[in-house]
Structure formats: C-alpha cells, structure tokens
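Remarks on the overall topology
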Amino acid sequence: MRVTPSDDTTPVIPEAAAANSARPGAGAGSHEWPPLMVCLDIDGTLLQYDGTMHDATRDAVRDTVAAGHHVVLSTGRAVVATTPILRMLDLDRGYVVCSNGAITLRLDSSLDAGYEIVDRVTFDPAPALSMLRGQWEDAVIAVEGPDGFKVTAPFPDGELDGEQTVVEWEELMSEPVTRVTFRSPSGTSEDFLELADRIGLHHVNYAVGYTAWMDINPEGVSKASALELVRRKLEIEPSNTVAVGDQRNDLEMLEWAARGVAMGQAPDEVKEAADEVTASIEDDGAADVLRSLL
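Where an unreviewed UniProt entry is consulted, the protein appears under the name HAD family hydrolase, with the organism given as Dermacoccus profundi.

Next up, the structure:
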C-alpha cells in the first residue's frame, strides 16, 4: 500500500518527478494528462452516512466533469436508488455501474428515463440461497429483479430502495436475479465474513459491508468487471483510470484502477488494496482526490 497526503498539490522536487508522473492526475503538470476515467463509489465516498452530500464533494465532482474527465459512479445501489444521486450531481451523460457491477447504464437526457440499461448480468440464486437458509435466525433476504426486490420480510426504511414484495422462500429462487442481499440486525460484518467462509460460497462474488450485510453477485461480476467494459467503450487507456471507494465491494475496483484510492475510514483490507489513502468521508476525502485531477 502507498499512503500519500490527501492534498496532492505539494510542489514536485526533481528527484520525485518520475515517480509522481506515474499516477494519473497526480501532482504538478496534471493538466497535461488526457481525459481520465474517474470511478466513484457513492455511500461513504460521496454521500455522508446520513444521506447528505457536502458542497465540497458535489462541487468537486461537477468540476471534474467540466474539466473533461469521464466520471463514472460505481455503486452497490440499485438503479432506482442511484438516479437521485445523478440528479444531485447533474450527471446526464456517460455511464453508471449499479448493483455491484451487475447492471450498467448509459446516461442520455433525451430518453424518457434519462438512461438505458446497456448490460445486465443475472444468475441462478438457488445454490447460494440454499446455503444461506437457516444460517442466521433473524436474517432477512432479498433478491433483485428487473422490477424491484422480492424479500422474505420487509427491510427497514431506507436500507433497500425500490419496491419490495414479500414472497415465500421458493419464489426467491424462481428466476434469475442480479443480486442476493442477506442482512441481520444482530450480527456484525465479522460474523458474516465467518459465515461466508463456513458455508463455502462458491460460483458467486460476495461482499460484506461495514454492518451485517452481504451482497452476492454472479461469479466474476464486480464493479471492476463492469468498469473494464465501460473503459473499453470510452477508449480510455488502462493507465488513465482512477477509482475511489470505502468498502469491501470496492476491493476489485481499487485494484483494477491505475490509481486506486481508499477513503480514510475504510477497513484495513480495503486500504491495503489501494495505492493510497485519502481523508475520511467526514473530511471530504473524495473531494481532495478529485481536486488533484484538476
């Protein structure tokens, strides 16, 4: 892991110039770089934990777009929960990765919805659900389909945006889905990491959040896999990619990017996967990174 100050405006001394120029958008002379692909997690990176966004962060995102860089939101949120953030940031062109890489949108303000789905990856949830069944007494489970979520019981307000339909267990497994979500009010993230190891989740990608929350996606699908497809569409060189995130579902994305930046409050394993660590969400760490690109 390489840890650098969140403010990247320190003058470059000659001896450090070659090393500094290896990071996209870093240090003096960054204006000479071609447009970058800047991939941003939402919750805990752009949004505060109460759902608000600091002016410094919002302005930094807008200025990054105005500078000609390609800002791509990359989130575990479903599409319906991502669109309000797009409006908050005035993003109406480019691409967005949702559902931890299972859904990719192309933004187009001329369309009725303001976007179209250009990629959706689904999988059979039955094997994973069969392993999870009965593993945690108060767990509630959701599967994400094209029209919302089927759930074993309602999720608490604000935790799962979109329509929720309570169904019998067998119906959870009745059709392919983009994601399975498993959460518990009584567990911890460490409990769920142990659970995943104990039951041996295979043929899926899973990520455990900072609370007792586990998202399960199709095998090989992650934020990074979706972003790589977007990178090719945008014809951006791999060396001109930047990513900022704060949680375990950002691990692959931070490793994929040429410049992967972990938020200051991220778990240690996320920091270890990153090239550098910025300030925490409370101190607008993402804004510091974006300002270093301008």
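From this point on, the discussion continues.
The next subject is the overall build of the protein. If you tally the helices and strands in the protein, you get ten helices and 14 strands. Classification of the 294 residues of the protein by burial places 52% in the buried group. Partitioning the contacts of the protein with sequence separation of at least 6, the portion at a separation of at least 24 is 57%. Accessible surface for the protein amounts to roughly 13100 Å². Of this, 49% is attributable to carbon and sulfur atoms.

Taking 1.5 Å of rise per residue, the twelve residues of helix α2 (residues 55-66) would be expected to cover 16 Å, and the 16 Å separating its terminal C-alpha atoms lies within 8% of that figure. Taken together, the buried positions of α2 are occupied by T57, R58, A60, V61, T64 and V65. Looking straight down α2, one finds that the buried residues subtend no more than 160° of arc, so they occupy a single side. Where α2 is buried, its residues meet β1 (37-40), β2 (70-74), α3 (79-89), β3 (93-98) and α10 (285-291).

Applying the stated criterion across every chain yields a total of 17 salt bridges. Measuring nitrogen to oxygen at the nearest pair gives 2.3 Å for the salt bridge that ties D55 to R58. Here D55 pairs with R58, and both are found in helix α2, just three residues apart, close to one helical turn. Ionic pairing is found between E228 and R231, a salt bridge with its closest N-O pair at 2.7 Å. Placement of the pair is E228 and R231 together in helix α7 (residues 223-234), with a separation of three residues, close to one helical turn. Its relative accessible area of 12% is what places R231 among the buried residues.

Another point: the packing of aromatic side chains. Per the counting criterion, the structure on display carries one aromatic pair. Considering the side-chain rings of F155 and W213, the 5.9 Å spacing of their centres and the 75° angle between planes classify their relative orientation as edge-to-face. Of this pair, F155 sits in the loop between β7 (148-151) and β8 (164-166) while W213 is found in strand β11 (residues 213-218), placing the two residues 58 residues apart along the sequence. What makes W213 buried here is its relative accessible area of 18%.

With 32 residues, the main nonpolar core has L40, L46, V71, L73, L89 and L91 as its most contacted residues. For L73, the contacting residues outside a window of four places in its chain are L40, I42, L46, I85, L86, L89, L91, Y95, V96 and V97.

In this section: the pairing of strand β13 (residues 259-262). What you see with β13 is no split at all: R259 and V261 on one side and G260 and A262 on the other are buried throughout. Across four bridges, the pairing between strand β12 (residues 241-245) and β13 is parallel. Of the residues in β13, the one forming a bridge with V244 is V261. Across two bridges, β13 lies against strand β14 (residues 276-277) in parallel orientation. Looking at β14, one finds that V261 is bridged to E276.

What counts and how
- Residues numbered from 1 in each chain as written.
- Predicted model: local features only at pLDDT ≥ 70, side-chain atom pairs only at ≥ 80, totals over all residues.
- Heavy atoms only, no water.
- Helix = DSSP H or I, 4+ residues; strand = E, 2+ residues; numbered from the N terminus.
- Buried < 20%, exposed > 50% of the residue type's maximum accessible area, 1.4 Å probe, protein only.
- Contact = heavy atoms within 4.5 Å.
- Areas by Shrake-Rupley, 256 points an atom, 1.4 Å probe, with all protein chains shown as cover.
- Expected span 1.5 Å × (residues − 1).
- Arc of directions from axis to C-beta.
- Salt bridge = Lys/Arg side-chain N within 4 Å of Asp/Glu carboxyl O.
- Phe/Tyr/Trp six-rings, centres within 6.5 Å; stacked < 30°, edge-to-face > 60°.
- Core = buried A, V, L, I, M, F, W, Y, C linked by side-chain atoms within 4.5 Å.
- Pairing = 2+ DSSP bridges.

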